[in-house]
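# Breakdown of the fold
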Amino acid sequence: MTTMDLARIRDVGDTEVISNPQSPYALSPDGRSIAFVIARGDPRTNAYCSALVVMPRRGGGAPRIIDRGGAIPRLAAVFRDLYIVTGFPDTIVPAWSPDGTSIAYRKEVDGIVQLVSAKADGSGSRVLTHEGSNVENFTWLPDSGALAYFTRPGRDAAKQRIAREARTGWLYDKSILPMQSWEPQPWAKDLARAAFVVELTGPKVRPATPEEERVINPPPAAGSPYELAVRATNGASAWTAPVNDLPYAKRRVWARLPGGRDIACKAEGCAGKIGRLFWQQDGKSVVFLAREGWNSEEFVLYRWVPSSNRLTTILRTNDALTGCIFAGDELLCGRENAATPRRIMGVDLASGRSRLVFDPNPEFADLNLGKVTRLKVTSDRGYPAWADLVLPPDYDGKSKLPLVVVQYRSTGFLRGGIGDDYPIYPMAAKGLAVLSFDRPPSAGSQDPSVRTFEQGRAADWNGWADRRNTLSAIEAGIDAAVATGTIDPGRIGISGLSDGASTIEFALINSRRFKAAAMSTCCDDLLTQTVLGGFAWGAEILRRGVPPSVDNDREYWKPISLSVNARKIDTPILMQVADREASLGLPAIGALTEAGKPLEVYVFPDEYHNKWQPAHRLAVYDRAIDWFNFWLRDHEDPEPGKREQYARWQELARKASKGGSPISP
């Protein structure tokens, strides 16, 4: 696999395996067809194409594109009382009209997410709304040719207010996030959601009635204390509820039959990490998805009959199942594993057998990815973790290979770790073994004294407990990889974004195992955590027990701060960061540069925590491979355009061999 193969992978739904209450798949009213949006990035044009696709659920015809679009919209949501656009892709869920003739979905048009309706037979599509702010969730109104939807009409007024304030200067308060922009972000209270109805005949837009608004966002069902709840056609309901009042509590499945009492499923499989719930057509049995096994590596599909409290297993697999929807005698799910990209599969509810519905990336079956072996390990606290060891496809079985750790989840198809910056199979194709690491549960989540999520985060930071927990699991994974006889313990690299980058910082100070590092975010530091992120983020960090910046408590930060330890760090570090977050790394970048340490930094424009532009992702992929090959294999790509790159790195290596001397950036 090449980096271009990975950069041009076709996606349906969220690229990562997450517990998302929304599914990207939509079943037609007659149950015979499905609709979904497929997207693909093109690094050569730095653009995306997307398409609304319809296809038969069971044979009888090929997929049909009935509308085309550009990039999947980026998620906009409320964080710390502010309305913020993120770099994460939004989940686009198509919806069939009640008569099955049309499909509506949200699509970015001239920078704003609008509602679009397309004929299911492919005979045409049209934009239904012309809002000034993004259309959020929506639904077809029953037995009508109209759609109800939410938007935030206060967006234009908020933008105008912020522009007026610019004339006299913006007040630096919690609405300014320096890592996002010096322009204030709008307060969520100023952008209250409003409901509207668009009638397809016209189309004509009007305010929604209270009854119509409840169709979009129905109130919680009675007796359903948790957000995961479903109703059967006969009036029965099912839901999950926490088993206790602790923040990280398991969830138990409950049900109420028509006219009956609440019934708790007492079987062992009914309490844990519970995903989607479905009633079977008879309204007598509940089907649900759970995560079990070593560090929740298994996906288990259960059937529970509340009247008899009988639980049976339909399917147990290490394959990731995502976005499942009910389709009569089967579930339609995204299914993927370490070596197979996500495909849409039908899972038979009687036998548990799967059948292929649609493969977005059939050419991947012809790629030689190399051998993948799962290694199960524990942290020093005894918490479970795993790592997938990927060997080069042409490995001779004799030589000792350099190893690159990729973090910090390894569920589903192995792409590039969290953030998708470190391409696992393309790295292996270039001679590097890769350890794709799935981190253990956090220290705070396992602390019985924790009563709130805030206390849990504070427990993670107390004595850097969670950093020690994670690093110990990574080192156990490295030991397990070395024990296979394929890995050179003297040539280990590490990469990561977000939590993974924090692990790198801690590792470079508290371990001597790593000979090269690549980071996509930076850094946990004195000013970074309490000042450079802005007041809102700083206040949250201080609640974790972190000393305020005014104390200049270098001793507190000594276990993790690259700036405090700059003179002691000799590991070559590559940083490839988003422009919105680059300032957070300045204390470390400045200190490492002043100390003459081997460091190279790239800043990518118009990027977020996760990079969304295809050209940027390809550049990050290729440079990361070159970096690790240079430092771990003493190998340089002979491409003429990279001569200047290697000249810089050779100079870094020369100065590093002399113990580091102050250098100019």
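Residues numbered from 1 in each chain as written. Predicted model: local features only at pLDDT ≥ 70, side-chain atom pairs only at ≥ 80, totals over all residues. Heavy atoms only, no water.

### A closer look at the layout of surface pockets
Of the volumes computed, that of the second largest pocket is approximately 580 Å³. Taken together, 23 residues line the second largest pocket, and the ones lying closest to its centre are Tyr83, Val85, Arg155, Gln185 and Tyr608. Residue assignment for the lining of the second largest pocket shows that the elements contributing at least two residues are strand 6 (74-79), strand 7 (82-89), strand 10 (112-119) and helix 2 (155-166). For the lining of the second largest pocket, the class distribution of residues is twelve nonpolar, five polar and six charged. (1 Å grid on protein atoms, 1.4 Å probe; cavity = no way out; pocket = protein on both sides within 12 Å on 5 of 7 lines; lining within 4 Å. Points joined across faces, edges and corners; volume = space filled by probe spheres on them. Helix = DSSP H or I, 4+ residues; strand = E, 2+ residues; numbered from the N terminus. Nonpolar A, V, L, I, M, F, W, Y, C, P; charged D, E, K, R; others polar.)

### Concerning the pattern of salt bridges
With the rule as written, the count across this model stands at 47 salt bridges. For Glu165, the salt bridge is made with Arg161, and the minimal N-O distance between the two is 3.2 Å. With Glu165 and Arg161 both in helix 2 and four residues apart, this pair spans about one turn of that helix. Classification of Glu165 as partly exposed rests on a relative accessible area of 31%. A relative accessible area of 24% means that Arg161 is categorised as partly exposed. (Salt bridge = Lys/Arg side-chain N within 4 Å of Asp/Glu carboxyl O. Buried < 20%, exposed > 50% of the residue type's maximum accessible area, 1.4 Å probe, protein only.)

### Describing helix 5 (residues 453-461)
Taken together, the buried positions of helix 5 are Gly456, Ala458, Ala459, Asp460 and Trp461. Looking one or two residues beyond helix 5, the residue adopting positive phi is Gly463, at roughly 65 degrees.

### What to know about empty space enclosed by the protein
Per the counting criterion, the structure on display carries one cavity of 30 Å³ or more. Roughly 120 Å³ of internal volume is contained in the largest cavity. Lining the largest cavity are 15 residues, and of these Arg10, Asp11, Val12, Arg342 and Arg415 sit closest to its centre. When residues of the lining of the largest cavity are traced back to their parent elements, those giving at least two are strand 1 (10-12) and strand 26 (340-348). It is strand 26 that provides the largest number of residues to the lining of the largest cavity, a total of four residues. Looking at the lining of the largest cavity residue by residue, the class counts come to six nonpolar, two polar and seven charged.

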